[in-house]
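Here is what each chain is made of, one letter per residue.
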Amino acid sequence: MVAIDPQQLGLEFGSGALIGAIIGFAAKKIAKLLAVIVGLELALFKFLESKGILTVDWNRLSAGLLQTGEKVQDPGWIAPILSTLSIGVGFTGGFLVGFKKG
């Protein structure tokens, strides 16, 4: 039988939560920055298109984004997370808190 050490379990959970909070906070900041950059880029495209400098095929541009999302279907990352449940749960909780605070 496997002995469960509560101190080690708490240490893994706490360190996972701390790392998750830091990464979640940074991820939200990066996501906001990327959203601003993409928004500015699309606005620039629209402006240049209205001036006749650039021609943008908006249907093709959006179809490429939809096709990329449809191809992502491999849930192969689930098994490693479940194998390290104590760190994974702490990391996920910390990530969500950090992402919310970011």
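A few points on the structure. None of these values were measured; they are calculated from a predicted model. (Residues numbered from 1 in each chain as written. Predicted model: local features only at pLDDT ≥ 70, side-chain atom pairs only at ≥ 80, totals over all residues. Heavy atoms only, no water.)

## Here's the deal with the overall build of the protein chain
Alright, step 1. The number of helices and strands found in the protein chain is four helices and zero strands.
Alright, step 2. From first element to last, N terminus to C terminus, the protein chain shows the α and β order α-α-α-α.
Alright, step 3. In the protein chain, which comprises 102 residues, the share counted as buried stands at 11%.
Alright, step 4. Of all intrachain contacts in the protein chain linking residues separated by at least 6 positions in sequence, the fraction that spans at least 24 positions is 80%.
Alright, step 5. With the model as given, the accessible surface of the protein chain reaches about 8300 Å², and the carbon-plus-sulfur share is 72%. (Helix = DSSP H or I, 4+ residues; strand = E, 2+ residues; numbered from the N terminus. Buried < 20%, exposed > 50% of the residue type's maximum accessible area, 1.4 Å probe, protein only. Contact = heavy atoms within 4.5 Å. Areas by Shrake-Rupley, 256 points an atom, 1.4 Å probe, with all protein chains shown as cover.)

## Examining helix H1 (residues 6–50)
An α-helix turns once every 3.6 residues. As a result, residues three or four positions apart point the same way.
Alright, step 1. An ideal rise of 1.5 Å per residue puts 66 Å on 45 residues; H1 measures up with 64 Å between its terminal C-alpha atoms.
Alright, step 2. The complete set of buried residues in H1 reads Gly16, Ala17, Gly20 and Gly24.
Alright, step 3. Gly52 sits one or two residues past H1 and shows a positive phi near 80°. (Expected span 1.5 Å × (residues − 1).)

## Some remarks on a nonpolar patch on the surface
Alright, step 1. Together, Ile30, Leu33, Leu34 and Ile37 make up a nonpolar patch on the protein surface, roughly 390 Å² of accessible area in all.
Alright, step 2. Classification of Leu34 as partly exposed rests on a relative accessible area of 48%. (Patch = residues over 30% accessible without salt bridge, like charges linked within 9 Å, V, L, I, M, F, W, Y side chains within 5 Å. Salt bridge = Lys/Arg side-chain N within 4 Å of Asp/Glu carboxyl O.)

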